[in-house]
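A look at the structure
So the chains spell out like this:
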Amino acid sequence: MIRQVRFDKKQRVVDELIRRIESGLMEDGFQLPGEHQLAQEFKVSRGTLREALAELKRRNYIATQSGVGSIVTFDGVVLDQRSGWAQALADSGALINTEVLRLEAVTRPDLLPRFGTDQFITLDRRRRSTDGKLVSLERSLMPATGGLESLPRVGLIDNSLTITLAAYGYIGERGDQWIGAEPLNAEDAELLGRPVGTVFLKALRTTYDRQNRFMEQVESLLDPVHFRLHLQFGNPQ
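Predicted model, so just to flag it, every value in this text is computed and none were measured. (Residues numbered from 1 in each chain as written. Predicted model: local features only at pLDDT ≥ 70, side-chain atom pairs only at ≥ 80, totals over all residues. Heavy atoms only, no water.)

**Overview of the side chain of threonine 164**
- Mapped onto the elements of the fold, threonine 164 is located in helix α6 (residues 161–167).
- A relative accessible area of 0% means that threonine 164 is categorised as buried.
- If we skip the residues at most four places from it in the chain, threonine 164 touches Leu151, Leu156 and Ile157. (Helix = DSSP H or I, 4+ residues; strand = E, 2+ residues; numbered from the N terminus. Buried < 20%, exposed > 50% of the residue type's maximum accessible area, 1.4 Å probe, protein only. Contact = heavy atoms within 4.5 Å.)

Below you can see the structure in the form of structure tokens.
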């Protein structure tokens, strides 16, 4: 009976945190409060809370890093909840495989007036659905400062850009995102295995951290067959 009560408490924590993550209240890159604060909020023991966090980690909703804590990394089904839209696969239970195409230092003089630097780290990734079809291509730019300049040599932590940025002190606070659609050019069509001119959703997101530092600009090309735009307005019922 005691075991059942503990399981119910753990499940209640798991269900509520998943609700917050999937609804966008805790978006990709959000740093969860400390264990003590969460245990008090949910009125559970630290042991029960740790079991709940372990379950969320197992299900790829969060990741943990020593010295950082728990970070939301709900990546692949919902790529970005913060900006009010859900880049969601038509089959929300599908797994996504991510392939790193490039992780290197680049010089971008054209971005100097906007970001105050022309030295960046670029990370290019593409994603496949379980049937092997390429469904997205992402190009991220981070400033080559604050330790991030070492990424081409040391790589990502836990294969997660969100966790890596947080470990270097970059946790997203604000930003903007533009969403549209455009035909694939020759280079992108080849990388995505599609005919030139195939129309994809295109998102351009710029994120600044809690210290108002530029931390990431990411351009995403998304197969509209697999991803949807979801907007909410008005007062929730």
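**Remarks on unusual backbone geometry**
- Positioned with a positive phi, lysine 43 is a non-glycine residue whose angle comes to about 60 degrees.
- On the secondary structure map, lysine 43 appears in the loop between α2 (35–42) and α3 (46–58).
- Here asparagine 212, not a glycine, exhibits a phi torsion of approximately 65 degrees, which is positive.
- On the secondary structure map, asparagine 212 appears in the loop between β8 (199–209) and β9 (214–222).

**Section: the pattern of salt bridges**
- Considering all chains together, one arrives at 22 salt bridges under this definition.
- In this structure, arginine 59 engages glutamate 55 in a salt bridge whose closest nitrogen and oxygen atoms are separated by 3.7 Å.
- Looking at arginine 59, the relative accessible area reads 35%, which means it is partly exposed.
- When the shortest N-O distance is used, the salt bridge between arginine 125 and glutamate 138 registers 3.5 Å. Note that arginine 125 is positioned in strand β5 (residues 119–128) and glutamate 138 in strand β6 (residues 134–143), a separation of 13 residues in sequence.
- Look at arginine 125 and you get buried, because its relative accessible area is 7%.
- One network of salt bridges, in which partners are shared, links Arg139, Glu182, Glu187, Asp188, Lys202 and Glu219. (Salt bridge = Lys/Arg side-chain N within 4 Å of Asp/Glu carboxyl O.)

**Things to note about the packing of α2 against α3**
- Put simply, α2 and α3 touch, their axes get as near as 9 Å, and they point 105 degrees apart. Viewed along their axes, α2 and α3 adopt a mutual orientation that is roughly perpendicular. Counted together, Glu35, His36, Leu38 and Ala39 of α2 and Arg46, Leu49, Arg50 and Leu53 of α3 form the full contact between these two elements.
- Taken together, the residues of the contact of α2 with α3 sort by class into four nonpolar, one polar and three charged. (Axes fitted to C-alpha atoms, helices over the stretch in contact; angles between N-to-C directions. Parallel < 35°, antiparallel > 145°, perpendicular 65-115°, else oblique. Nonpolar A, V, L, I, M, F, W, Y, C, P; charged D, E, K, R; others polar.)

**Quick look at the environment of valine 218**
- Position of valine 218 relative to the elements: it lies in strand β9.
- Taking the C-alpha atoms as reference points, valine 218 and leucine 204, 14 residues apart in sequence, are found 5.8 Å from one another.
- If we ignore the near neighbours within four places in the chain, the residues touching valine 218 are Glu138, Arg139, Ser140, Ala203, Leu204 and Arg205.

**Regarding the nonpolar core**
- Within the largest apolar cluster, 18 residues are counted, with the highest numbers of intra-cluster contacts made by Val13, Leu17, Leu32, Leu49, Leu53, Leu56 and Ile62.
- With five residues, helix α1 (residues 2–23) is the single largest residue contributor to this core.
- Grouped together as the second largest cluster of nonpolar side chains are ten residues, Ile121, Leu123, Met142 and Tyr170 included. (Core = buried A, V, L, I, M, F, W, Y, C linked by side-chain atoms within 4.5 Å.)

**A few points about the pairing of β6**
- Most of β6 sits inside the fold, with ten of its ten residues counted as buried.
- Where β5 and β6 come together, nine bridges link them in antiparallel fashion. Residue pairing across strands places arginine 128 opposite leucine 134, the latter belonging to β6.
- The loop that links β5 with its antiparallel partner β6 comprises five residues; one of these, glycine 132, has a positive phi angle of about 90 degrees. (Pairing = 2+ DSSP bridges.)

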